[in-house]
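# Survey of secondary and tertiary structure
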Amino acid sequence: MANNNTLSYDKALHRIEEIVRQLEEDNKSIDELSALVKEASGLIKDCKLKLRMTEEDILKAFGEEG
Amino acid sequence: MQNPLSLSELNQLIRHTLDSNLSPSYWVTAEIGELRDSAKGHAYLELVEKSGDQLIAKIKANIWAYTYQGIRSRFASTTGQNICNGMKVLALVNVQFHEIYGLSINIKDIDPNYTLGERAKRKQEIIDQLSREGLMHLNKQYVLPQVPQRLAVISSSTAAGFGDFINQLEHNAHGYQIHWELYQATMQGNDASSSIINAILSIEADLQQKDFDLLVVIRGGGAKTDMDCFDDYDLARAIANTSLPVVTGIGHERDECIADLVANTKMKTPTAVAEFVLSGFRDFEEKLQEKLKRIERTAGYFLQREDRLIRDKEHMLKNLFLSKAGAAKEKLNSKTQQILSLAHNKIKMQAISLGNIETYLKKNVQIRLDQEKNNLQGLEKDLGRLNPNYFLERGYTRTEINGIPVNQAKIKSGDELTTFTLTKRIKSKIATIEKYGK
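What comes next is a walk through the structure. (Residues numbered from 1 in each chain as written. Chains lettered and ligands numbered in written order. Predicted model: local features only at pLDDT ≥ 70, side-chain atom pairs only at ≥ 80, totals over all residues.)

In this section: the overall build of chain B. If you tally the helices and strands in chain B, you get nine helices and 14 strands. Looking at chain B as a whole, 21% of its 438 residues qualify as buried. Relative to all contacts within chain B whose residues are 6 or more apart in sequence, the contacts with residues 24 or more apart total 64%. (Helix = DSSP H or I, 4+ residues; strand = E, 2+ residues; numbered from the N terminus. Buried ≥ 20, exposed ≤ 12 C-beta atoms within 10 Å, placed from the backbone. Contact = placed C-beta atoms within 7 Å.)

Moving on to the sheet that holds strand E11 (residues 398-401) of chain B. Residue and element names in this part refer to chain B. Here four strands make up an open sheet; going across it, the order is E12-E11-E13-E14 and the pairing antiparallel. Each edge of the open sheet carries a strand with a single partner, namely strand E12 (404-405) and strand E14 (425-429). Strand direction decides the pairing type here: E11 and strand E13 (residues 416-420), joined by three bridges, are antiparallel. Along E13, the bridge assignment pairs glutamate 400 with threonine 418. (Pairing = 2+ DSSP bridges.)

Each side of the interface is counted separately: chain A has 16 residues, and chain B has 16 residues. Among the secondary structure elements, those contributing two or more residues to the side of chain A that touches chain B are helix H1 (9-25) and helix H2 (30-65) of chain A. Looking at the side of chain A that touches chain B element by element, the count peaks at 12 residues for H2 of chain A.

On to helix H2 (residues 65-79) of chain B. Helical geometry: 3.6 residues make up each α-helical turn, so side chains three or four residues apart lie on a common side. All names here are of chain B. With 15 residues, H2 extends 21 Å between its outermost C-alpha atoms, agreeing within 8% with the 21 Å of an ideal straight helix rising 1.5 Å per residue. Buried residues in H2 make contact with strand E3 (54-63), strand E5 (102-111) and helix H3 (112-132). Downstream of H2 by a residue or two, glycine 80 has a phi angle that is positive, lying close to 80°. (Expected span 1.5 Å × (residues − 1).)

Attention shifts here to the pairing of strand E8 (residues 214-218) of chain B. Along a regular strand, successive side chains alternate from one face of the sheet to the other. Residues and elements named next belong to chain B. With five of five residues buried, E8 lies mostly within the body of the structure. Direction of pairing for strand E6 (residues 150-155) relative to E8: parallel, over a ladder of four bridges. Of the residues in E8, the one forming a bridge with valine 153 is valine 216. Here E8 pairs with strand E9 (residues 246-249) via four bridges, running parallel.

This part takes up the sheet that holds E9 of chain B. All names here are of chain B. Ordered in space as E7-E6-E8-E9-E10, the five strands form an open sheet in which the pairing is parallel. Each edge of the open sheet carries a strand with a single partner, namely strand E7 (179-184) and strand E10 (265-267). Direction aside, the axes of adjacent strands within the sheet are offset by 20° on average. Here E6 runs beside E7; their pairing, made up of six bridges, is parallel. (Axes fitted to C-alpha atoms, helices over the stretch in contact; angles between N-to-C directions.)

A word on the packing of helix H5 (residues 192-206) of chain B against helix H6 (residues 233-240) of chain B. All names here are of chain B. Viewed as axis vectors pointing N to C, H5 and H6 meet at an angle of 15°, and their least axial separation amounts to 9 Å. The orientation of H5 with respect to H6, classified from their angle, is roughly parallel. Our pair here, H5 against H6, has a crossing hand that is left-handed. When H5 is examined against H6, the residues Ser193, Ile196, Ile197 and Ile200 are found in contact with a partner set consisting of Asp234, Leu235 and Ala238. (Parallel < 35°, antiparallel > 145°, perpendicular 65-115°, else oblique. Left-handed = near helix turned anticlockwise from the far one by under 90°.)

With that settled, the discussion passes to the nonpolar core. Residues and elements named next belong to chain B. Membership of the largest hydrophobic core comes to 45 residues, with the highest contact counts inside it found for Val216, Ala259 and Val262. Sorting the residues of this core by element identifies E6, helix H4 (160-170), H5, E8, H6, E9, helix H7 (258-262) and helix H8 (270-386) as the ones contributing at least two each. In this view, valine 216 contacts Leu151, Ala152, Val153, Ile154, Val247, Gly249 and Val273; residues no more than four positions away in its chain are not counted. Judged by nonpolar contacts, the second largest core, of 16 residues, contains Leu47, Phe75, Ala91 and Ile105. (Core = buried A, V, L, I, M, F, W, Y, C linked by C-beta atoms within 7 Å.)

Right, dumping it as structure tokens:
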């Protein structure tokens, strides 16, 4: 999705969980499945990136103070 | 009747009788009733004896110039005063009778020690009387003023001692301002006593309008003789009764006179009185200085103490602040660590959670895909089974009429059938139609 990057971490996570739930419900076509999996893996990648950036930001912030 | 004598014969007889019957000389005690110095240096006197105020004996006397010179200087050096009226003397006399000048005595010597003793005796009597009347210490009861700034001075303006006194006061090294007022008096001789008493009375009268701290009696210096007036009872009484403390500077080196004894304070000379007055100023100033110093010292001490206290407080505050700041910093550090660790944990948890989701997702998708694959395979198998060739290969055929499967079309005899085998298409015509099976 184009607006993945603008989603907040919480919204992204929420979306991932929703996709998981949809997949669990088992009522999606294979065509939809592919799209959902792509979306979910993209969101997971973004979230991982965000986590790493947050960690770096925190360390940088405290590093400057100390 | 005896032959009468001529006067000269009589006088000669008297003279002869006296000469033959009297010793050449006698020691006689008498009071000097009158004393006159002649131009030639002789002294003419009248010796008297009194019982109380009553005159009981009297005789003319003389001292010849040469003798008089010696007697006078010896007397003055021993008693400190000149032979004068009213003085009791012990004299070595020679009785003389002159046919013309009559009876007189010639004084050959005067013992000054007798006069001295006599005067001491009289002085003691006066002192005793003053003591009885409570006058000896009356003036001493006044406390001397701390700073005697206003002086009533009894003296003679022309006397050297007075000049010294004023000079000393006005040119003092410390520049003290002293106000003084002179009350003129005769300071020696017979009139001195009453003159000084008058001056004292004037001062007492002036006290109504003027403030004096001290009454000063100073004598002009000069001759050391003629001090009797300062032993006078009336003067002593006047001094004792003065309402100011009296300081004397009579210049009497030998011994104290009664005026000195009744005064509040006696100094030997006018200069000493001036010094005494100035020393009062100096003492006062020194006391002030000392107090000032003490104030300075005490203030300094207090300031120092306060300074120390403030420094202590400052130190304490600093320490307190440092320890607080240290504690705060420590707390902050620990909070930082806590935040870091919490954030780290949270991120880790999120990462794990994400990982889990990812894994789950993958697995789920894989399962799904596998499932689909299985389905497809099943379908494929089913489809395989449904392929017409499958039947055709076994000998079955498919028949259609006009493209419609024969089991679905309406058939009648004569219709053309197209039959498909695996490899051939066969066209035929229906001969008969029979029902069969169900």
